[in-house]
Amino acid sequence: MSNNSSAAGPSNNIVKEQEMLLPIANVGRIMKQILPTNAKISKEGKETMQECVSEFIGFVTSEASEKCRKERRKTVNGDDICWAMGNLGFDDYSGPLKRYLNRYREIEGDRVNQNKVSTREELMEENLLFYNTSNIIRPPNESG
């Protein structure tokens, strides 16, 4: 009986670990957006990126959460994430992210005020604006 329970233990840990990671399909989709259309990504490459981005998100969120705890707030917001990015030394990213957040809030405010639904094209345009402004990731050429 103890052999069965010990065998179930590692399996449960793997499931819990998978729950802590971003879905690999989403990670792969984001990676493919940046690569040329004929490029391929190995399963190992996707899994490595999945672990890295999940760890990064946890790292930044933990810093933002600690700030909120010290300020006796329960909700982590976009400003807290931007602050955490800068506080952790990711200044090259925090500025563009803050601009993106402000623009997102403007669009959301306009959308709510005008009862209009943003089109997918507007959202894609905003994403490209963030990527181009931040110089973090450059979108692939439309022609290729």
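Residues numbered from 1 in each chain as written. Predicted model: local features only at pLDDT ≥ 70, side-chain atom pairs only at ≥ 80, totals over all residues. Heavy atoms only, no water.

Trainee: Describe in detail the overall build of the protein, supporting the description with residues and values.
Mentor: Helix and strand content of the protein: six helices and zero strands. When the helices and strands of the protein are read in sequence order from the N terminus, they spell out α-α-α-α-α-α. Within the protein, the fraction of its 144 residues that count as buried is 17%. Sequence separation of 24 or more characterises 42% of the internal contacts of the protein that already satisfy a separation of 6 or more. (Helix = DSSP H or I, 4+ residues; strand = E, 2+ residues; numbered from the N terminus. Buried < 20%, exposed > 50% of the residue type's maximum accessible area, 1.4 Å probe, protein only. Contact = heavy atoms within 4.5 Å.)

Trainee: Let's hear about the pattern of salt bridges: which residues, and what values?
Mentor: Two side chains with opposite charge may pair up if their charged atoms get near one another. Going through the model one piece at a time under the given rule, you end up with nine salt bridges. One salt bridge connects K43 with E47, and the closest N-O pair in it is separated by 3.9 Å. Of the two residues, K43 and E47 are both situated in helix 3 (residues 43-70); the distance of four residues between them amounts to about one turn of the helix. With relative accessibility at 32%, the residue E47 sits in the partly exposed group. (Salt bridge = Lys/Arg side-chain N within 4 Å of Asp/Glu carboxyl O.)

Trainee: Give a detailed account of the side chain of S94, specifying residues and quantitative values.
Mentor: As for its placement among the helices and strands, S94 is situated in helix 5 (residues 91-114). Residue classification places S94 among the buried positions, given a relative accessible area of 14%. If we ignore the near neighbours within four places in the chain, the residues touching S94 are C82, M85 and G86.

Trainee: Account for a nonpolar patch on the surface, with residues named and values stated.
Mentor: A surface patch of nonpolar side chains, about 330 Å² in accessible area, is lined by L22, F56, I57 and F59. With respect to the helices and strands, F59 occurs in helix 3. (Patch = residues over 30% accessible without salt bridge, like charges linked within 9 Å, V, L, I, M, F, W, Y side chains within 5 Å. Areas by Shrake-Rupley, 256 points an atom, 1.4 Å probe, with all protein chains shown as cover.)

Trainee: I'd like to hear about unusual backbone geometry, residue by residue, with values.
Mentor: Here R72, not a glycine, exhibits a phi torsion of approximately 60°, which is positive. Within the secondary structure, R72 is located in the loop between helix 3 and helix 4 (78-87). R72 gets classed as exposed once you look at its relative accessible area, which sits at 79%.

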